[in-house]
Structures are given as structure tokens and as C-alpha cells.
Amino acid sequence: MIKRLFDIFLSSIGLVLSSPIWLIFSLAIKLEDGGPIFYSQERVGKNGRIFKALKFRSMIPDAERHTGAVWASENDPRVTKTGKILRAIAMDELPQLWNIFKGDMSFVGPRAERPELVEQFAQKIKNYHYRLLVTPGLTGLAQVYGKYDTPPHQKLHYDLLYIKNQSFLLDLKLIFLSFYITFRGKWESRDRKI
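Residues numbered from 1 in each chain as written. Predicted model: local features only at pLDDT ≥ 70, side-chain atom pairs only at ≥ 80, totals over all residues. Heavy atoms only, no water.

Chemist: Explain helix α2 (residues 19–33) here, please?
Modeler: Count 3.6 residues to each turn of an α-helix, and residues three or four apart come out pointing the same way. Taking 1.5 Å per residue as the helical rise, α2 with its 15 residues ought to reach 21 Å, and the 22 Å between its terminal C-alpha atoms agrees with that figure. Buried residues of α2: W22, F25, S26 and I29, and no others. Seen end-on, α2 carries its buried residues on one side only, within an arc spanning 105°. For α2, exposure combined with an orientation more than 90 degrees from the buried face picks out L23, I24 and L31. (Helix = DSSP H or I, 4+ residues; strand = E, 2+ residues; numbered from the N terminus. Expected span 1.5 Å × (residues − 1). Buried < 20%, exposed > 50% of the residue type's maximum accessible area, 1.4 Å probe, protein only. Arc of directions from axis to C-beta.)

Written out as C-alpha cells, the structure reads:
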């Protein structure tokens, strides 16, 4: 209950205070290629519930039309110039404050993955389904301590460690470290972020 109240409180403040930034990013995205500003994508939440995660579009329109669901690679040609900046400071995720406010997500928890990837990983990685016992997060142990291209089975180790040891103080620490990574522009780094 404390975690949920904290999420509502912080996401409401974040939505209000970040509104000028939304305008700047929206203009930059629109002016670059005229495509849509936002990108919504199905993600798997707590207990396997599907929800639509909202993001600022950082790739060319219809980037996965010919490939289907694939992870972005280093220097991915589908990422726009504005998108590179947004991804480096994780501002493409800013609209997910709305998902947190609605309760689809929390500030801290395992990353919400796409249904097709969850299905694929659950078949190949033992205990992968335990990630779905908690609300997915904007940040978490795997996001902070893992590298961008850390394999899914190693990210699962971080996720299970978080689920086992979750606490309000741990959440605060991970939120603080996430701000630190954002300030340094290290979210897309293939090296250690902190």
C-alpha cells in the first residue's frame, strides 16, 4: 500500500513538473520526421495482465514492420537523432509516468517486457514467470546494475533478487541511482552505468 501511494504521489508530481519537457520533446520528434510523437506497445504486467506502455517515439515510424519484435542494437539505424538523445537520458520513458499513475507500473520493479518476448523467455529460462508476481517498474536492479545488452537470464537474477529483498529503502536507492544515470546520460551505455 505504501509503495502504491508513493507511486501515485511521485508520478502526479512528475507529470505536472515535466509538462514543459513533454512539449519540447514533442516538438523535436514532430519536426524531425513528421511522424507520431508517442508510441504505445503491449507489455506484460503483474500476474500476466497485458497493458499498453506509452513512450516517446525514438525510432522511425513502423520500425518493426518487417522484422517483428527485436531488441535495439548498438548504433541501431532505426533510432532517430532525437531518439538517440531521448534514449541516452531515458526520457523516451517519461510518458510511462502515466502508466505508473494508472497502476500498470511502479517506479521500481522488473522491466515490463513484450508478450512475445515473455512467452519466449518463459519457455527457455527457468523461473522466468516469477517476475510476473510483482508490478513491473520503470527502473530496478536489472535496469541499474545490468548493462544494456545483459542477457535475459542474467537480468532475471537481478529481478528475483529484487523481488526477494524489496523494500521502500531499496526503492528509494534505485530511484536515486536512476536519476544519477540519467544525469550522466548513461542509459544506452554498453558498459557499467554506475
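Chemist: Would you mind going over the packing of helix α1 (residues 2–17) against helix α8 (residues 168–184) with me for this structure?
Modeler: Geometrically, a packed helix pair is captured by the angle between its two axes and the distance between the axes. Following both chains from N to C, one finds α1 and α8 inclined at 30°, their axes separated by 11 Å at the closest point. With respect to α8, the axis of α1 lies roughly parallel. Crossing geometry of α1 relative to α8 is assigned as right-handed. On α8, the residues touching I2, K3, F6 and L10 of α1 are F168, D171, L172 and I175. A class-by-class count of the residues in the contact of α1 with α8 yields 6 nonpolar, no polar and 2 charged. (Axes fitted to C-alpha atoms, helices over the stretch in contact; angles between N-to-C directions. Parallel < 35°, antiparallel > 145°, perpendicular 65-115°, else oblique. Left-handed = near helix turned anticlockwise from the far one by under 90°. Contact = heavy atoms within 4.5 Å. Nonpolar A, V, L, I, M, F, W, Y, C, P; charged D, E, K, R; others polar.)

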